[in-house]
Amino acid sequence: MNTNNNKKISERDVKNYLPTFKRYPLAFKKGLGSRLWDVNGKEYIDALAGIAVNNVGHCHPHVVEAIRKQAGELMHISNFFVSEPQVNLADKLIALSGMDRAFFTNSGAESVEGAIKIARKYAHNKGRGGHIISMQNSFHGRTLATIATGKKQYQKGFEPIPEGFGMVPFNDFEAVKTAITKETAAVLLEPIQGEGGIHPVQKEYLQKLHKLCSENDVLLIFDEIQCGIGRTGKMFAKDLYGIEPDIITLAKGLGGGFPIGAFLCNEKVASEIDFGDHGTTFGGNPLACSAALATLEVIEKEKLLNSATEKGKLITDSFKKMQQQFPEIKEIRGRGLMIGVEFTFETKELISDLLHEGIIANATSGNVLRLVPPLNISNEDIHQIVNTIEKLLAEKKYQ
């Protein structure tokens with residue numbers, strides 16, 4: 001076995017790929033469930049799941065078979081025509097969410113862009129402006145419009161940034177109440193901030209915000225790209241709070257690893273949209289929709305919502321116990337299998353050490369360890385993840 005395979009492939013990547021990612025010099029060859037193997041054959045436990053994408057694990061047989069079958073029949077026809085997989089997926093998402101209409105995209109950022117567009121169309125038809133209020137510490141994508149909704153660090157060097165966006169502190173009701181004017185079209189937020197460090201929205205705040213938006217005819221948009229599709233132990237994070245937004249954006253876990261996004265809206269919003277107001281070439285193609293349908297079927301059949309709740313509790317309880325021994329663990333946050341462990345130190349070195357030990361995790365917001373494994377990860381793998389972190393904390397003094 002050539003032990004330099006990772007290095008050789010990484011060198012080619014550095015030479016040819018646009019240098020936008022600080023990648024580890026590690027190339028993966030195969031995945032199954034919550035396990036990955038690199039090109040040298042080394043095995044890893046995946047606690048990142050492609051950043052909350054592989055919700056049913058890598059290469060789930062039902063999803064693989066659905067893709068294979070559909071690829072042999074029809075992959076793309078354009079949205080000038082109807083495809084049965086798209087109709088079936090729309091039916092499924094509407095039934096699961098309680099929303100009224102679906103539109104399919106290719107990515108999370110595209111879903112948010114679409115949500116912004118239809119929110120502005122609704123607002124303009126009602127005599128309001130098109131201003132979008134988002135939350136500090138949020139992340140909604142990397143397109144020009146979506147970086148306008150997020151952290152300033154992602155805007156640097158890309159000016160002029162599109163106008164019509166503003167941010168307020170997360171979970172601060174008085175701030176958002178003050179910010180809403182006749183120019184406001186919508187308030188956009190993540191029920192659980194992902195890239196921002198796994199910060200859940202407060203239920204009382206969300207209830208008051210929902211009432212405020214309704215009273216002012218301002219649309220409420222939930223970005224569930226990372227926290228949706230079973231990640232929190234509910235199919236949609238909105239169900240944790242009993243709040244019905246006007247628009248929901250989805251992507252990541254929806255396709256079981258195959259790229260697909262969506263936004264869902266209520267009839268109030270949908271009724272203000274005209275033919276030609278929005279479109280997509282690849283969005284909702286038969287292949288992507290078949291992958292998404294199979295993914296949703298696996299989540300339901302294998303009861304992965306219960307699994308996410310139970311296994312999330314196993315992880316958080318383990319860290320709470322560990323916290324008694326290691327005061328550098330400041331806080332454990334999240335719901336289901338969307339967990340953030342905040343430390344007193346920057347977690348980049350810890351992530352690197354975990355990778356050396358054969359565990360894939362992620363550092364976000366500087367000092368937060370993000371754990372978003374497949375919803376069907378085994379208890380055995382969870383114990384190995386927790387025990388390895390405990391061992392590293394005992395062996396090393398992280399700064």
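Shown above is the structure to which this text applies.
J.: Where do I start with the overall build of the protein in this structure?
T.: Along its length, the protein carries 14 helices and 17 strands. Taking 21 Å as the expected radius of gyration for a compact globule of 399 residues, we find that the protein reaches 21 Å, a close match to that expectation. Over its C-alpha atoms, taken along the principal directions, the protein stretches across nearly 65 × 55 × 45 Å. When the 399 residues of the protein are sorted by exposure, 52% land in the buried category. Relative to all contacts within the protein whose residues are 6 or more apart in sequence, the contacts with residues 24 or more apart total 73%. By element, 52% of the accessible surface of the protein is carried by carbon and sulfur atoms, the whole surface being about 18500 Å². Of the charged side chains in the protein, 47 are positive and 47 negative; the average position of the first set lies 3 Å away from that of the second.

J.: Looking at this model, I keep getting lost on the sheet that holds strand E14 (residues 338–343). Mind explaining?
T.: Adjacent strands of a sheet pair through backbone hydrogen bonds, lying either parallel or antiparallel. The strand order E13-E14-E17-E16 describes an open sheet built from four strands, whose pairing is antiparallel. What marks the edges here is a single partner per strand, and that holds for strand E13 (329–335) and strand E16 (362–364). Geometrically, the sheet is characterised by an average inter-axis angle of 25° between neighbouring strands, direction not taken into account. Note: E13 against E14, six bridges, orientation antiparallel. Bridge pairing in E14 links Glu-331 to Glu-342. On the sheet, helix H12 (residues 304–323) packs against E13, E14 and strand E17 (368–371) and is oriented at approximately 170° with respect to E13.

J.: Explanation requested: the packing of aromatic side chains in the structure shown.
T.: To describe a pair of aromatic rings, you give the distance between the ring centres and the angle between the ring planes. Applying the stated rule across the entire model yields six aromatic pairs. These aromatic residues form a ring-pair network of at least three members: Phe-343, Phe-345 and Tyr-398. If you follow Lys-30 out to its NZ or CZ, it ends over the ring of Trp-37, 4.8 Å from the centre. The cationic tip of Arg-120 hangs over the ring face of Phe-165; the distance from NZ or CZ to the ring centre is 4.9 Å.

J.: Explain the pattern of salt bridges here, please?
T.: Inspection of every chain in the model, using the stated rule, returns 21 salt bridges. In this structure, Lys-211 and Glu-215 form a salt bridge, with 2.5 Å as the shortest nitrogen-oxygen distance. On the criterion of helical spacing, the pair formed by Lys-211 and Glu-215 is a turn pair, its members being four residues apart in helix H8 (residues 203–216). On the basis of relative accessible area, Lys-211 is assigned to the exposed category, the value being 52%. A relative accessible area of 53% places Glu-215 in the exposed class. A salt bridge links Glu-349 to Lys-396; its shortest N-O distance comes to 2.8 Å. Here Glu-349, found in helix H13 (residues 348–356), pairs with Lys-396, found in the segment after helix H14 (379–395); they are 47 residues apart in sequence, far enough to count as distant.

J.: Help me understand the nonpolar core in this model?
T.: Taken as a class, soluble globular proteins show a tendency for nonpolar side chains to be buried jointly. In terms of nonpolar packing, the biggest core is built from 55 residues, with Leu-89, Leu-93, Phe-319, Ile-329, Leu-354, Leu-369 and Leu-393 touching the most fellow members. Setting aside residues no more than four positions away along its own chain, Leu-369 makes contact with Phe-319, Ile-339, Gly-340, Val-341, Phe-343, Thr-347, Ile-351, Leu-354, Ala-361, Asn-362 and Ile-389. The next biggest cluster of nonpolar side chains, apart from the first, holds 35 residues, and it includes Leu-48, Ile-133, Leu-240 and Met-338.

J.: Help me understand the environment of Gly-233 in this model?
T.: For Gly-233, the position within the fold is in the loop between strand E10 (219–223) and helix H9 (238–241). Gly-233 sits 76 residues away from Thr-309 along the chain, and the two C-alpha atoms are 4.8 Å apart. Filtering out sequence-adjacent residues up to four positions away, Gly-233 remains in contact with Leu-305, Ala-308, Thr-309 and Gly-336.

J.: Explain the sheet that holds strand E5 (residues 131–135) to me, please; I cannot follow it from the model alone.
T.: The sheet built from seven strands is open, its strands ordered E4-E12-E11-E10-E7-E5-E6 with mixed pairing. Bordering the open sheet on either side are strand E4 (101–105) and strand E6 (165–168), each of which pairs with just one other strand. The sheet shows a mean angle of 20° between the axes of neighbouring strands, direction not considered. Across the sheet, helix H4 (residues 84–97) is in contact with E4, strand E11 (247–250) and strand E12 (261–265); its angle to E4 comes to roughly 125°.

Conventions adopted
- The residue numbering used here restarts from 1 in each chain and proceeds along that chain's sequence as written.
- Residue-level local features of this predicted model are given only where pLDDT is at least 70; pairs of side-chain atoms are given and counted only at 80 or more, and the full residue set underlies all totals for whole chains, interfaces and linings.
- Hydrogen atoms and water are omitted, and side-chain values are computed over all heavy atoms in the structure.
- Segments assigned H or I by DSSP are reported as helices when at least four residues long, segments assigned E as strands when at least two residues long, and all are numbered from the N terminus.
- Throughout, the radius of gyration refers to the C-alpha atoms, and the reference size of a globule is 2.2 Å times the residue count to the power 0.38.
- The cut-offs for exposure are 20% and 50% of the maximum accessible area for each residue type, with area from a 1.4 Å probe on protein chains only; residues under the lower value are buried, those over the upper are exposed, and the others partly exposed.
- In what follows, a contact means two residues having at least one pair of non-hydrogen atoms within 4.5 Å.
- Throughout, the Shrake-Rupley method with a 1.4 Å probe supplies accessible areas, and for residues the shown protein chains are the sole cover considered.
- Charged residues are defined here as Lys and Arg on the positive side and Asp and Glu on the negative side; His and the ends of the chain fall outside this count.
- Charge positions are represented by NZ for Lys, CZ for Arg, CG for Asp and CD for Glu.
- The criterion for strand pairing is that DSSP finds at least two bridges linking the strands in question.
- Note on method: axes are straight lines fitted to C-alpha atoms, helices fitted across the in-contact stretch only, with angles between N-to-C directions ranging 0 to 180 degrees.
- Between 30 and 60 degrees the pair is tilted, below 30 it is stacked and above 60 it is edge-to-face, where a pair is any two Phe, Tyr or Trp rings, Trp via its six-membered ring, whose centres lie within 6.5 Å.
- Put simply, a charge is over a ring when the Lys NZ or the Arg CZ is close to the ring centre, within 6 Å, and near the line of the ring normal, within 35 degrees.
- Think of a salt bridge as a Lys or Arg side-chain nitrogen and an Asp or Glu carboxyl oxygen that are within 4 Å of each other.
- Note on terminology: a nonpolar core comprises buried Ala, Val, Leu, Ile, Met, Phe, Trp, Tyr and Cys residues joined through side-chain atoms within 4.5 Å.

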